[in-house]
Amino acid sequence: MPAPGIVLIVGVVLIVAAMVYYLVATILALRRIAAGLDDAIAAVGEIVEKSAPVEEVVGDINANLDAAVDALEGLLVKKVGLVDAIGLVDGLYPGAGAAGLRNFPGSGELKPPRIGEVYTRGVLTLARLGREAPIAAASPEGPVLRHAARAASEVRVLYPHDRQIRPEKLPNSPVIGTDSPVQYEEALTPGVRPRPRGPAPTAPGDDDTKARP
Amino acid sequence: MILYWIGALLVLLVLFPVVVYLLRGVLEAAQGIVPSVERIAAAATAGSQDLDAVPLLLTTQDQVRQTVETVADYGGSLDMIVDDA
């Protein structure tokens, strides 16, 4: 065999050997990649499966919280007014008044009154319950929250009483018995009440009647 | 004969290095992907484990519903007993 043929064969053999080496190494690397992707795909599948109900549950939670926020904001504004509501929120959570109430656009632009600087939370709670008369005028500079003297009576007006106390002086109940100042004869016929035996009370028109012939 | 020599030397000195260079590039690229894929698999596994607490959202949902109902009850009572502004 000529020498160039031998060199050619050696070259081809080297090329084939290099191809075998690198291609086998590449195949092994690709297998590791495939195994890693299988693990990743399995984990991603678990993520998808586990996170599937999250949107529905979180949406339901947010809906409930939205309803609660709407109701509480509406109740707060209804009871204390928008300005005092902002002041109360800002008093409990300093700076929160600037954000305003969600359902009342523009409420964040209101200047919150200095509720939180004057009263404590408990006093504010009592104030909002309408029983803050002693502390209503405690604010040295700002306006009072409620009328200091009439707060209790104003609150009392809101609730019905078992007994009617207004007007304060009602006619007394009639006194009955043998010692009663007005004695009545026993009724002979139901529904017919005879005149009392004592001196009859003078009516405004009695003098005119006696004056007549 | 000279042409045979030239062909043999081309195969040995040119074609063989080129083939080795190309195959080595493919191998390095494939081996470079392996760590990235392994990190992705580890991150996905950790993310899946982090979501094991998702069923607790059902408890949270139920508690939020009960809390809102209680708040609504209190709000209704306050609406009755507290005077309006």
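Reading the values: rules and limits
Residue numbers here run from 1 along each chain, matching the order of that chain's written sequence. Labels are handed out in written order, letters beginning with A for the chains and numbers beginning with 1 for the ligands. Predicted model: local features are reported for residues with pLDDT of at least 70 only, side-chain atom pairs are reported and counted for 80 or more only, and whole-chain, interface and lining totals are derived from all residues. Calculation of side-chain values draws on the structure's entire complement of heavy atoms; hydrogens and water are dropped beforehand. The helix count covers DSSP runs of H or I at least four residues long, the strand count covers runs of E at least two residues long, and both are numbered beginning at the N terminus. Type-normalised accessible area, obtained with a 1.4 Å probe on protein chains alone, sets the label of each residue: buried when under 20%, exposed when over 50%, and partly exposed for intermediate values. To measure how exposed things are, a 1.4 Å probe is used in the Shrake-Rupley method; for residues, cover is taken only from the protein chains shown. Only heavy atoms matter for contacts: two residues are in contact if any of them lie within 4.5 Å across the pair. pLDDT measures how confident the predictor is about each residue, on a scale from 0 to 100. Here, a salt bridge means any Lys or Arg side-chain nitrogen found within 4 Å of an Asp or Glu carboxyl oxygen. Pairs were defined over the aromatic rings of Phe, Tyr and Trp, the Trp ring being its six-membered one, requiring ring centres within 6.5 Å. Orientation was assigned from the angle between planes: stacked under 30 degrees, edge-to-face over 60, tilted for the rest. The term buried area means the drop in 1.4 Å probe accessible area that two parts suffer when joined, counted for both and summed. Here a polar contact is taken to be a pair of N or O atoms separated by no more than 3.5 Å, where protein atoms must pair a possible hydrogen donor with a possible acceptor and residues adjacent in sequence count only if both atoms sit in side chains.

*Asks:* Hey, could you run me through the overall build of chain B in this one?
*Replies:* Counting secondary structure elements, chain B contains 2 helices and 0 strands. Per-residue burial for chain B yields a buried fraction of 22% across its 85 residues. Taken as a whole, chain B presents about 5900 Å² of accessible surface, with 68% of it coming from carbon and sulfur.

*Asks:* Help me understand the overall build of chain A in this model?
*Replies:* When you go through chain A residue by residue, the secondary structure sums to 7 helices and 0 strands. Going from N to C terminus, chain A has its helices and strands arranged as α-α-α-α-α-α-α. Residues counted as buried form 21% of the 213 residues belonging to chain A. When contacts within chain A are restricted to residue pairs at least 6 apart in sequence, long-range pairs at least 24 apart make up 36% of them. In the structure as shown, chain A presents an accessible area of about 15400 Å², 62% of it carried by carbon and sulfur atoms.

*Asks:* Would you take a moment to explain the confidence of the model for chain A for this structure?
*Replies:* Low-pLDDT portions of the prediction should not be read for the details of their coordinates. A residue-level look at chain A finds 61% of positions with pLDDT of 70 or above and a mean pLDDT of 75. For residues 203–213 of chain A, every residue scores under 50 in pLDDT, and the model assigns this stretch 1 contact once sequence neighbours within four places are set aside.

*Asks:* Looking at this structure, how should I read the pattern of salt bridges?
*Replies:* Pairs may arise between side chains of opposite charge once their charged atoms sit close together. A full pass over the atoms with the stated rule returns 8 salt bridges over all chains. For Asp-79 of chain B, the salt bridge identified is with Lys-78 of chain A, shortest N-O distance 2.9 Å. Taken together, the residues Asp-79 of chain B in helix H2 (residues 56–81) and Lys-78 of chain A in helix H2 (residues 54–80) connect one chain to another. For Asp-79 of chain B, a relative accessible area of 28% corresponds to the partly exposed category. Measuring nitrogen to oxygen at the nearest pair gives 3.4 Å for the salt bridge that ties Arg-24 of chain B to Glu-28 of chain B. In this pair, Arg-24 of chain B and Glu-28 of chain B are both assigned in helix H1 (residues 2–50), 4 residues apart and thus about one turn of the helix distant. By relative accessible area, Arg-24 of chain B is classed as partly exposed at 47%. Overall, Glu-28 of chain B belongs to the partly exposed group, its relative accessible area being 47%. Residues joined in a network through salt bridges with shared partners are Asp-66, Asp-70 and Arg-102 of chain A.

*Asks:* Is there a simple way to think about the packing of aromatic side chains in this case?
*Replies:* We describe a pair of aromatic rings using the distance from one ring centre to the other and the angle between the two ring planes. Residues and elements named next belong to chain A. A full pass over the atoms with the stated rule returns 1 aromatic pair over all chains. Each ring, one from Tyr-21 and one from Tyr-22, has its centre 5.0 Å from the other, and the planes form 75 degrees; the classification is edge-to-face. Since its relative accessible area comes to 55%, Tyr-21 is described here as exposed.

*Asks:* Whenever I open this one, the interface of chain A and chain B confuses me. Can you help?
*Replies:* A common measure of how large an interface is: the accessible area buried when the components associate. Each partner contributes residues to the interface: chain A has 48 residues there, and chain B has 47 residues. Of the roughly 4000 Å² buried between chain A and chain B on both sides combined, carbon and sulfur atoms contribute 78%. A salt bridge links Arg-65 of chain B to Asp-60 of chain A, with the shortest nitrogen-to-oxygen separation between them at 2.8 Å. At the boundary of chain A and chain B, one finds 8 residue pairs in polar contact (both at pLDDT 80 or more). Contributing elements (two or more residues each) for the side of chain A that touches chain B: helix H1 (3–51) and H2 of chain A.

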